[in-house]
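Chain by chain, the residues:
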Amino acid sequence: MAGLGGRMSTVVKAKISKLLDRAEDPAETLDYGYQKQVELLQNVKKGIADVTTSKKRLQMQSQKIEQSVVKLDTQARQALSQGREDLARAALERKTVAQTELQSLDTQIEQLASQQEQLTANEKKLRAKIEAFRTKKEVIKAQYSAAEAQVKISEAANGVGEEMADLGLAIQRAEDKTEEMRARAGAVEELEAAGTFDDLSQLGEGQDDIDRELAQLGAGAQVDDELAAMKAELGSGGSDSPQIGDGGESK
Amino acid sequence: MIVRISGEGQYRLPDTDADRLNELDNRAVAAVEVGDETGFGDLWAQMLALVEADGEAIGDDELVPSDVILPPRDSSFAEAAAEFTGEGLIPD
């Protein structure tokens, strides 16, 4: 099977062989290698803990967006009952964007949770491998000549090194993913904040970039439907409710 | 032959699978070159399936480097495609 090997294993092998070059005495190499592995295991544990923290933060962001959805819906209703269909529409457009984002965020959080389980399982495996290395290094020290030991050491160290590098890569991927998710969730939160929905009157004057973008996102059909439903609801709420948005041609 | 599915673990495959895996690898590279995402996805699924069907999971106490490392199962086409270039995962 000479010649086979992925790109990553080549990188790992290069690192490990550098490590092995540091000591000429096999016993010293083995002890140093083991010590290094134990050290690196701490980094792995920290990496997994970071992914867990990121996941919790994303869950909190998801809850905030959920609150925004409720808030925007309420504001749309208020705007409509005050005869401001334009504002109601803007609020509903934002609500649609937030809802879509929320769905995708929740799916991704679920995926992240299963990735996290896999990371934890692989960390356990790595720990077992390091433990196996510890046992093996004593056997190698006791049973092999220096020349023979070098081959055995190289194989064992590469085996552990590859396991570690692969887990490191998986942690990195999970972190990158949470980073990306956090950025997207943050953008949605900003949408709501930039919408100045705390002061409905501010929305009336001229559209900002976000408004135009939102309109383009074509929340269109869904917003129309919701608006119609809301109107019907408000309309049936009381006979003296004003008719909104019909242009008033009958009056 | 030792094969790792990145993010999952290592498997021991009979050496007779090397040619089959290499063939799938070469075809996957060809699919990437012409931007055939569907074709690539199919070939990659076949590679994973071959490893799972014929492979025997390596024990936690066994310390061996892999001969071939397959990208993570949940890689995007772009991510996986970056690995399947030139001679592919398995140099010919």
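Residues numbered from 1 in each chain as written. Chains lettered and ligands numbered in written order. Predicted model: local features only at pLDDT ≥ 70, side-chain atom pairs only at ≥ 80, totals over all residues. Heavy atoms only, no water.

Remarks on the packing of helix H2 (residues 26-81) of chain A against helix H3 (residues 85-143) of chain A
Residue and element names in this part refer to chain A.
Inference 1: Running from amino to carboxyl end, H2 crosses H3 at an angle of 165°, the nearest separation of the two axes being 8 Å. For the element pair H2 / H3, the angle class is roughly antiparallel. You can see that H2 and H3 cross each other, and the crossing is left-handed.
Inference 2: Tallied by class, residues from the contact of H2 with H3 come to 30 nonpolar, eight polar and 15 charged. (Axes fitted to C-alpha atoms, helices over the stretch in contact; angles between N-to-C directions. Helix = DSSP H or I, 4+ residues; strand = E, 2+ residues; numbered from the N terminus. Parallel < 35°, antiparallel > 145°, perpendicular 65-115°, else oblique. Left-handed = near helix turned anticlockwise from the far one by under 90°. Nonpolar A, V, L, I, M, F, W, Y, C, P; charged D, E, K, R; others polar.)

Brief notes about the pairing of strand E2 (residues 9-12) of chain B
Residue and element names in this part refer to chain B.
Inference 1: Relative to E2, strand E1 (residues 2-5) runs antiparallel, the two being bridged by four bridges. Residue pairing across strands places Val3 opposite Tyr11, the latter belonging to E2.
Inference 2: The turn joining E1 and E2, which pair antiparallel and follow one another in sequence, is formed by three residues; a positive phi near 90° is taken by Gly7.
Inference 3: In the sheet, E2 pairs with strand E3 (residues 56-57) via two bridges, with the strands oriented antiparallel. What sits directly across from Tyr11, in E3, is Ala57. (Pairing = 2+ DSSP bridges.)

A few points about the packing of aromatic side chains
Residue and element names in this part refer to chain B.
Inference 1: Enumeration over the complete set of coordinates arrives at three aromatic pairs over all chains.
Inference 2: Aromatic side chains Phe40 and Phe84 sit 5.1 Å apart centroid to centroid with 75° between the ring planes, which places their arrangement in the edge-to-face category. On the criterion of sequence distance, the pair formed by Phe40 in helix H2 (residues 37-54) and Phe84 in the segment after helix H3 (77-83) is long-range, its members being 44 residues apart.
Inference 3: Taking relative accessible area as the criterion, Phe40 reaches 1% and is therefore assigned buried.
Inference 4: By the ring-pair criterion, three or more aromatic residues cluster together here, those being Phe40, Trp44, Phe77 and Phe84. (Phe/Tyr/Trp six-rings, centres within 6.5 Å; stacked < 30°, edge-to-face > 60°. Buried < 20%, exposed > 50% of the residue type's maximum accessible area, 1.4 Å probe, protein only.)

Everything listed here is a matter of geometry and, on its own, says nothing about what the molecule does.
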